[in-house]
Amino acid sequence: MSAIPPPSAEPARGPAEMSDPRGMLTAEMSGRAGSAVLVGRDEQMAALGAAFDSARQGGPSAVLLGGEAGVGKSRLVGEFGQMAAAAGARVLTGGCLELGTDGLPFAPFTAVLRDLVHEMGADAVAAMLPGRTTRGLARLLPELGEPDTGGDPGEARARLFEEVLSALEQLARHAPLVLVIEDAQWADRSSRDLLTFLIGNQRFISGMLIIVTYRSDDLHRTHPLRPLLATLDRIDWVERMELPRLTRRDTGELVVRILGRAPAGALADALYHRSEGNPLFVETLLCCDGELSPELPESLRDLLLEAVRRLPEDTQEVLRMACAGGQTVGH
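These numbers were taken from a predicted model, which means no experiment stands behind them.

A.B. asks: Quick question: what am I supposed to make of the environment of H174 here?
C.D. replies: Within the element layout of this structure, H174 appears in helix α7 (residues 153-174). Residues H174 and R90, spaced 84 residues apart in sequence, show a C-alpha to C-alpha distance of 9.3 Å.

Have a look at this one:
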């Protein structure tokens, strides 16, 4: 079997390198200020680190990371991914897409596979599998050859699941492996089933950590992700975490990190009052010139209205009336 190339050895960048100059340019282009330093997430970073250590020691390990939109799930996982890569791990990331009523089939795993083929080549990916056959994986990526389209659909599906498991197992033999699946609230049924299969079979893979992020504020009572979370919750090696909003103190620190100085007057209090500790809201409301945006930016308005539009019309009408009364409205 041909050698599997190790993960990139590029050193992780420190906060100063991360903020200069690309971070400044991004902030100017987006009209939003940003901090190069992660604030208020020491406890969650330590939990991810403990899960990673457990995986490196050979035990199965998975983390389900929930939180509202804008609370910083992707930022946290990204920072952790850099630390894991600096420790010699290979980090694979795939995101679910909000397309149609049930998402795009296997979207996050197709993204992971595409990155692997781009990095290693199709032949190296095929060499990781028993018999060097990729007919199952070819259903996700044409570069891997002729897909398995004939025969029983159930058998073809099982072959695909086994080939994904085998590929991850081979990767984890050469270096610790971190698999990140983001925005699972948009996962289609096929992706949810494959994710359940992988986590359920983690005890057969030494050295792999699986992290799944999802928007907890999107999970209505009948959301299809709820049964999956309940099922995974019952597995011994699965830890479920909810990423909270920032405290008033952490919000103040975030403002200092963004501005590079202590804010003038009651700016930090005003930002905390308006953002309620949501890091994305803080960054969006704080203009690049260090002033509080007097109007709600369109990007933030759209994010807030996205959840409202999914509510029944009667509920939306109640919200329209309540919003005119300020933060506290009596019956």
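A.B. asks: Help me out: how do you make sense of helix α10 (residues 248-259) in this one?
C.D. replies: At 3.6 residues per turn, the α-helix brings residues three or four places apart onto the same side. Between its first and last C-alpha, α10 extends 17 Å over twelve residues, near the 16 Å set by a 1.5 Å rise per residue. Taken together, the buried positions of α10 are D250, T251, G252, L254, V255, I258 and L259. Remark: G260 follows α10 within two positions and exhibits a positive phi of approximately 80 degrees.

A.B. asks: What am I meant to see in unusual backbone geometry here?
C.D. replies: Trans is the common state for peptide bonds, and a negative phi is the common state for residues other than glycine. Look at F106: it is not a glycine, yet its phi comes out positive at around 60 degrees. Positionally, F106 belongs in the loop between β2 (90-95) and α5 (107-120). According to the relative accessible area criterion, F106 is buried, its value standing at 7%.

A.B. asks: It is not clear to me how the packing of α10 against helix α11 (residues 267-275) should be interpreted in this structure. Could you clarify?
C.D. replies: Pairs of packed helices are described in terms of their axes, by the angle between the two and the distance that separates them. Running from amino to carboxyl end, α10 crosses α11 at an angle of 120 degrees, the nearest separation of the two axes being 9 Å. Looking at the two axes, α10 sits oblique to α11. Relative to α11, α10 is oriented so that their crossing is right-handed. Between α10, through R248, T251, G252, V255 and L259, and α11, the contact on the second element is made entirely by L267, A268, D269, L271 and Y272. Across the contact of α10 with α11, the residue classes tally to six nonpolar, two polar and two charged.

A.B. asks: I'm lost on the nonpolar core in this one. Help?
C.D. replies: Note that soluble globular proteins tend to have their nonpolar side chains buried in a common cluster. Counting residues in hydrophobic clusters, the biggest one holds 52 residues, and the most contacted among them are V125, L168, L198, I199 and I210. Sorting the residues of this core by element identifies β1 (61-67), α5, α6 (122-127), α7, β3 (177-182), α8 (189-200), β4 (208-215) and α9 (225-233) as the ones contributing at least two each. Here the element with the most residues in this core is α7; it accounts for eight residues. Apart from residues no more than four positions distant in its own chain, I210 is found in contact with S61, A62, V63, L179, L195, L198, I199 and Q202.

A.B. asks: Sorry, what's going on with a nonpolar patch on the surface here?
C.D. replies: A cluster of nonpolar side chains, namely L97, L99 and L104, defines an oily patch on the protein surface of about 250 Å² accessible area. If you trace the backbone, L99 turns up in the loop between β2 and α5. Taking relative accessible area as the criterion, L99 reaches 44% and is therefore assigned partly exposed.

A.B. asks: Can you walk me through the sheet that holds β2 in this structure?
C.D. replies: The strands that make up a sheet pair up through hydrogen bonds in the backbone, lying either parallel or antiparallel. Strand order in the open sheet formed by five strands is β2-β3-β4-β1-β5, with parallel pairing between adjacent strands. The outermost strands of the open sheet, each flanked by one partner alone, are β2 and β5 (238-242). Across the sheet, the mean angle from the axis of one strand to that of its neighbour is 15 degrees, orientation sign disregarded. Alignment of β3 against β4, held across five bridges, turns out to be parallel. When the sheet's bridge partners are listed, I181 is paired in β4 with V212.

Rules and cut-offs
Residues numbered from 1 in each chain as written. Predicted model: local features only at pLDDT ≥ 70, side-chain atom pairs only at ≥ 80, totals over all residues. Heavy atoms only, no water. Helix = DSSP H or I, 4+ residues; strand = E, 2+ residues; numbered from the N terminus. Expected span 1.5 Å × (residues − 1). Buried < 20%, exposed > 50% of the residue type's maximum accessible area, 1.4 Å probe, protein only. Axes fitted to C-alpha atoms, helices over the stretch in contact; angles between N-to-C directions. Parallel < 35°, antiparallel > 145°, perpendicular 65-115°, else oblique. Left-handed = near helix turned anticlockwise from the far one by under 90°. Contact = heavy atoms within 4.5 Å. Nonpolar A, V, L, I, M, F, W, Y, C, P; charged D, E, K, R; others polar. Core = buried A, V, L, I, M, F, W, Y, C linked by side-chain atoms within 4.5 Å. Patch = residues over 30% accessible without salt bridge, like charges linked within 9 Å, V, L, I, M, F, W, Y side chains within 5 Å. Areas by Shrake-Rupley, 256 points an atom, 1.4 Å probe, with all protein chains shown as cover. Salt bridge = Lys/Arg side-chain N within 4 Å of Asp/Glu carboxyl O. Pairing = 2+ DSSP bridges.

Any functional reading would require information that these geometric values do not contain.
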